[in-house]
Amino acid sequence: MVLTLKDVTKSFGERVILDHINLTIEQKDRIGLIGVNGAGKTTLLNLIAEHTDFDQGDIFIEKGVQIGYLRQNTGLDRDGSIYGEMLKVFAPLKETEEKLRELERRIALCGHDSEEYAELTEEYGKLSAYFEAKDGYHIDVKIKMVLTGMGFADKSYSTNIATLSGGEKTRLALAQLLLEEPDLLILDEPTNHLDFRTLLWLEDYLSEYKGALLVVSHDRYFLDKMVQKVWEVAQQRVYTYNGNYTKYKQLKAERIAREKKEYEQQQNKIASMMEYAEKNIVRASTSNSAKSRLHQIANMEILEAPQEYEKTPKFSFTFDRASGRDVLFADDVVLRVGREQKKLCGPVSLEVKRGEKIALIGRNGIGKSTMLKTLLGLNPESSGDITWGKGVTTSFYEQENQNLNFENTVLEELWERFPNLPEFKVRSVLGQMLITGENVYKKINVISGGERARLSFAIMVSEHSNTLLFDEPTNHLDLASKEALEKALREFEGTLIFVSHDRYFLNTIPTKIMDMTEDGIQIYDGGFDYYLEKTRLSSAQAAEKQETTQKKSGGQGYYRSKQQRALEAKRRSRIVQLEKLMEACDRETQQLEQEIADPQLAADYTLLAEKCARLEEIKGEADHYMEEWLGLQED
């Protein structure tokens, strides 16, 4: 057991956030924490991490348990370097290492038969055992491995943190927390600012994490893959479901159906008892029986009506007239941006047919958003031939909502675009997007990002276009709203072209995925899982494919392939050799540690010193082998 919350209640003023919460976190637990904005997720995390007080109840934390909490505000030292900040995690071990070096110096200066020598070697043995148990000899390897996995392979480790972007600082804070290896790792939206490659690395790393994991995330793909239990914060309670996110949805629907049935049965029973009491209370022969029923009702624990659904926007994308079969032709499109005409991607050629749902993916900065704008003629720097088909009407969702007039009120923005609609109809459309009451009179420059997103959706719904283009449509939506949008887009009979980092969205919506690179695009017929399956070819398979192609071409191509094959064989052979060498180092290290710990060896100071020196030497060799092994694996 890591910690337990028993009957914990937390309020802010008169508002109760969490009411009599009972929860337990066990070792190795993998828990996803979800709930609508404002439900109390952050409050619960702060309670668990002991950052805030609570009104009543108890929180029991197992003795010695270390809790690590990744906040949205990283707390990194702005004046430090990337490597220096990571090294802070190992400050106690680095101090121990300095003590070991000092002890080695002192041991070398005193006589083997002296009392000081015996004391120093005994202290050295204890410190060395501690240093080894904490894996102190692999500090540099650990740091390099985690920094590489978190996307800092191309950054100098001496880079000042103040020069990093917000996303890079978040990734660096997460890397630091992973190196700390706390018993309970609490992550608040860890997948933000991560590209697909880093996400996959993080998921693999966390799958092997030794401690417990509690994560807040809107990334349903991440929740499906990583968690084995879901906590949902709703109506001042925390509901627990065993399973991943997909299982949670099923179990929640079953719970609501069960509670609804129990509520209706109780209400029917109460109504029947009340009817009996009202009819029989005045009769002498049945008065006591009627009073008994009233007494039963008074002492009955009345069930609350289950709240079936959180309020979500009502998306309904329709169009008046279908487009022709051919929606879009793009030929030799080269994506460029800025005055310097910087090339991002291309040349790209593609065809889009009616009813296709196409997702554009690729590394950050490759030009996915630029591609959408180029297709719509909104990026004059790009070149190429773009032709929209007969009868095509388009609507565009821009992720930063820059196509809105920020000086307008919400009502004005929609009404100016559709002046023939009566006010009640305009307000009705906004109401479907949960923008109601006085909020419709707020200026766009003061409303939240989520409200701007919903206003943009309201415009698209009202345009009734048969071809929709979206740039990161799920960024400002909660889980329930994302699912409502997905349902509407699955039911949409027109054509979709969209950019998204939401892997769950990418898995359920597209009929095709277009992976953008500097040289063009690669098309995959299917969702994100299919894309992963096809792109996770081993280096051996890729090399074999290249070799086969070059053999067919003959001549110089075959000679280059043969060279590459020889280099690859040499690399693999060295990897196997290094793994055997590391195993041998581990065996010798264990043997030496057992011998050094033997009380009988303490009397033979010379032999003890020799074994300690050999232990240092073998650990240095192991570090060298590990670094070479990591480099070859990266190659």
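Our structure's up above, just so we're on the same page.
The notes below deal with the structure included here. Please read all numbers here as calculations on a predicted model, not as lab measurements.

### Considerations on the pairing of strand E6 (residues 184–188)
Burial within E6 is extensive, with five of its five residues counted as buried. The alternating pattern of E6 places Leu 184, Ile 186 and Asp 188 on one face and Leu 185 and Leu 187 on the opposite face, and all of these are buried. Note that strand E5 (residues 67–70) and E6 share four bridges and pair parallel. Counted as the bridge partner of Gly 68 is Leu 185 from E6. In terms of handedness, the path from E6 via helix H7 (residues 196–207) over to strand E7 (residues 212–216) forms a crossover that is right-handed.

### Quick notes on helix H17 (residues 528–535)
Residues that lie three or four places apart on an α-helix share one face, since the helix turns once every 3.6 residues. Those residues of H17 lying buried are Phe 528, Tyr 531 and Leu 532. Here the buried residues of H17 occupy an arc of 100° about the axis, which is enough to place them on one side. Residues of H17 that are buried in the fold lie against H7, helix H8 (220–226), strand E12 (357–361), helix H16 (503–508), strand E17 (512–517) and strand E18 (520–524).

### Structural notes on the packing of helix H5 (residues 139–149) against helix H6 (residues 166–180)
It is the contact of H5 with H6, at a shortest axis distance of 10 Å, that shows an interaxial angle of 140°. Taken as axis vectors, H5 and H6 run oblique relative to one another. Relative to H6, the crossing made by H5 is right-handed. Two secondary-structure elements touch here, H5 through Lys 142, Ile 143, Val 146 and Leu 147 and H6 through Leu 172, Ala 175, Leu 178 and Leu 179. Here the residues of the contact of H5 with H6 sort into seven nonpolar, no polar and one charged.

### Topic: the packing of aromatic side chains
Inspection of the entire model under this criterion finds 18 aromatic pairs. Considering the side-chain rings of Phe 196 and Phe 528, the 5.1 Å spacing of their centres and the 50° angle between planes classify their relative orientation as tilted. Of this pair, Phe 196 sits in helix H7 while Phe 528 sits in helix H17, and the two are 332 residues apart along the sequence. Seen in terms of ring centroids, Phe 528 and Tyr 531 are 5.7 Å apart; in terms of plane orientation they differ by 40°. Their pairing is tilted.

### Thoughts on the side chain of Glu 413
Topologically, Glu 413 is positioned in helix H12 (residues 410–417). Contacts of Glu 413, omitting those with residues within four sequence positions, involve Asn 403, Leu 404, Asn 405, Asn 408, Ile 444, Leu 455 and Ile 459.

### Describing the pairing of E12
Most of E12 sits inside the fold, with five of its five residues counted as buried. Neither face of E12 is left uncovered, since the one carrying Lys 357, Ala 359 and Ile 361 and the one carrying Ile 358 and Leu 360 both have all their residues buried. Bridge analysis of E12 against strand E16 (residues 495–499) gives four bridges, and the strand direction is parallel. Directly across from Ala 359, in E16, lies its bridge partner Phe 498. Pairing analysis gives four bridges linking E12 to E17, with the strands arranged parallel. By the bridge assignment, Leu 360 is partnered in E17 with Met 514.

### A word on the pattern of salt bridges
Taken as a whole, this structure holds 35 salt bridges when the rule is applied. We note a salt bridge from Glu 97 to Lys 94, for which the minimum N-O separation is 3.0 Å. Taken together, the residues Glu 97 and Lys 94, both in helix H3 (residues 91–109) and three residues apart, mark about one turn of the helix. In this structure Glu 97 comes out as partly exposed when scored by relative accessible area, which is 22%. Residue Arg 427 is joined to Glu 423 by a salt bridge in which the shortest nitrogen-to-oxygen separation is 3.9 Å. Placement of both Arg 427 and Glu 423 in helix H13 (residues 423–432) is noted, with a separation of four residues, approximately one turn of the helix. Put simply, Lys 94, Glu 97, Arg 101 and Glu 104 are held in one network by salt bridges that share partners.

### Regarding the side chain of Arg 503
Secondary-structure assignment places Arg 503 in helix H16. A distance of 2.5 Å separates a polar atom in the side chain of Arg 503 from a polar atom in the side chain of Glu 203.

### A short note on the sheet that holds strand E1 (residues 3–12)
One open sheet accounts for three strands, arranged E2-E1-E4; its pairing is antiparallel. The strands lining the two open edges of the sheet, one partner per strand, are strand E2 (15–25) and strand E4 (56–61). Pairwise comparison of adjacent strand axes, ignoring direction, gives a mean angle of 25° for this sheet. Relative to E4, E1 is paired through five bridges, and the arrangement is antiparallel.

### A short note on the sheet that holds strand E10 (residues 326–337)
Ordered by their spatial adjacency, three strands build an open sheet running E11-E10-E13, and the pairing between neighbours is antiparallel. A single partner strand is all that each edge strand has here, and the edge strands are strand E11 (342–353) and strand E13 (383–388). Neighbour-to-neighbour, the strand axes of this sheet turn through a mean angle of 10°, independent of strand direction. As paired elements, E10 and E13 share five bridges and run antiparallel to each other. Bridge pairing links Ala 330 to Ile 386 in E13. Along the sheet, helix H11 (residues 368–375) makes contact with E10, E11 and E13, crossing E10 at roughly 125°.

### Section: the nonpolar core
With 111 residues, the main nonpolar core has Leu 206, Phe 317, Leu 430, Phe 457 and Phe 470 as its most contacted residues. Of all hydrophobic cores here, the second largest spans 27 residues; its members include Val 2, Ile 17, Leu 184 and Leu 214.

### What to know about unusual backbone geometry
Between Gly 346 and the following residue, Pro 347, the backbone shows a cis peptide bond with an omega angle of 5°. Counting through the fold element by element, Pro 347 comes out in strand E11. Phi is positive for Gln 236, which is not a glycine, with a value near 70°. In the Ramachandran plot, Asn 401 falls in the positive-phi region, its phi being about 55° despite a non-glycine side chain. Take Asn 401: it is sitting in the loop between strand E14 (394–397) and H12. Taking relative accessible area as the criterion, Asn 401 reaches 2% and is therefore assigned buried.

### A short note on the environment of Ala 49
For Ala 49, the position within the fold is in the loop between helix H1 (41–48) and E4. By relative accessible area, Ala 49 is classed as buried at 14%. Measuring from C-alpha to C-alpha, the distance between Ala 49 and Asn 379 comes to 48 Å, with 330 residues separating the pair along the chain. With residues near it in sequence (within four places) discarded, Ala 49 still touches Ile 67, Tyr 69 and Ile 186.

### Digging into the environment of Phe 12
In this structure, Phe 12 sits in strand E1. In this structure, the C-alpha to C-alpha distance between Phe 12 and Gly 431, residues 419 residues apart in sequence, is 30 Å. The residues touching Phe 12, leaving out its near neighbours within four places in the chain, are Ile 17 and Thr 43.

Cut-offs used in this document
- Starting afresh in each chain, residues are numbered from 1 along the sequence in its written order.
- Given that this is a predicted model, residues contribute local features only at a pLDDT of at least 70 and side-chain atom pairs are listed and counted only at 80 or more, while totals for whole chains, interfaces and linings are drawn from all residues.
- Water and hydrogen atoms play no part in the side-chain values, which are based on all heavy atoms of the structure.
- Residue exposure (1.4 Å probe, protein chains only): buried if accessible area is under 20% of the type maximum, exposed if over 50%, otherwise partly exposed.
- Only DSSP runs of H or I covering at least 4 residues are called helices, and only runs of E covering at least 2 are called strands; the numbering of each starts at the N terminus.
- A pair of strands is considered paired only if DSSP assigns at least 2 bridges between the two.
- By convention, a crossover is right-handed whenever its connection, traced from the first strand over the helix to the second and viewed with the strands pointing away, goes clockwise.
- As used here, the arc belongs to the directions running from the helix axis to the C-beta atoms.
- Should any heavy atoms of two residues lie within 4.5 Å, those residues are considered in contact.
- Whenever a helix is involved, its axis is fitted only over the stretch in contact; in every case the axis is a line through C-alpha atoms, and angles between N-to-C directions fall within 0 to 180 degrees.
- Under this scheme an angle from 65 to 115 degrees is roughly perpendicular, one under 35 degrees roughly parallel, and one over 145 degrees roughly antiparallel; angles in between are oblique.
- When the near helix sits turned anticlockwise from the far one by under a right angle, the crossing is termed left-handed; a clockwise turn instead gives a right-handed crossing.
- Residues were grouped as follows: Ala, Val, Leu, Ile, Met, Phe, Trp, Tyr, Cys and Pro as nonpolar; Asp, Glu, Lys and Arg as charged; and all remaining residues, including Gly, as polar.
- Aromatic pairing here means that ring centres of Phe, Tyr or Trp (its six-membered ring) are within 6.5 Å. Orientation follows from the plane angle: under 30 degrees is stacked, over 60 is edge-to-face, and everything else is tilted.
- Salt bridge, as used here: a side-chain nitrogen of Lys or Arg that lies within 4 Å of a carboxyl oxygen of Asp or Glu.
- Any pair of nitrogen or oxygen atoms within 3.5 Å is treated as a polar contact; in protein, a donor-acceptor pairing is required on top of that, and neighbouring residues in sequence qualify only through side-chain atoms on both sides.
- Only buried residues count toward a nonpolar core. Its members are Ala, Val, Leu, Ile, Met, Phe, Trp, Tyr and Cys residues joined through side-chain atoms within 4.5 Å.

Interpretation in functional terms is not warranted from these geometric data alone.
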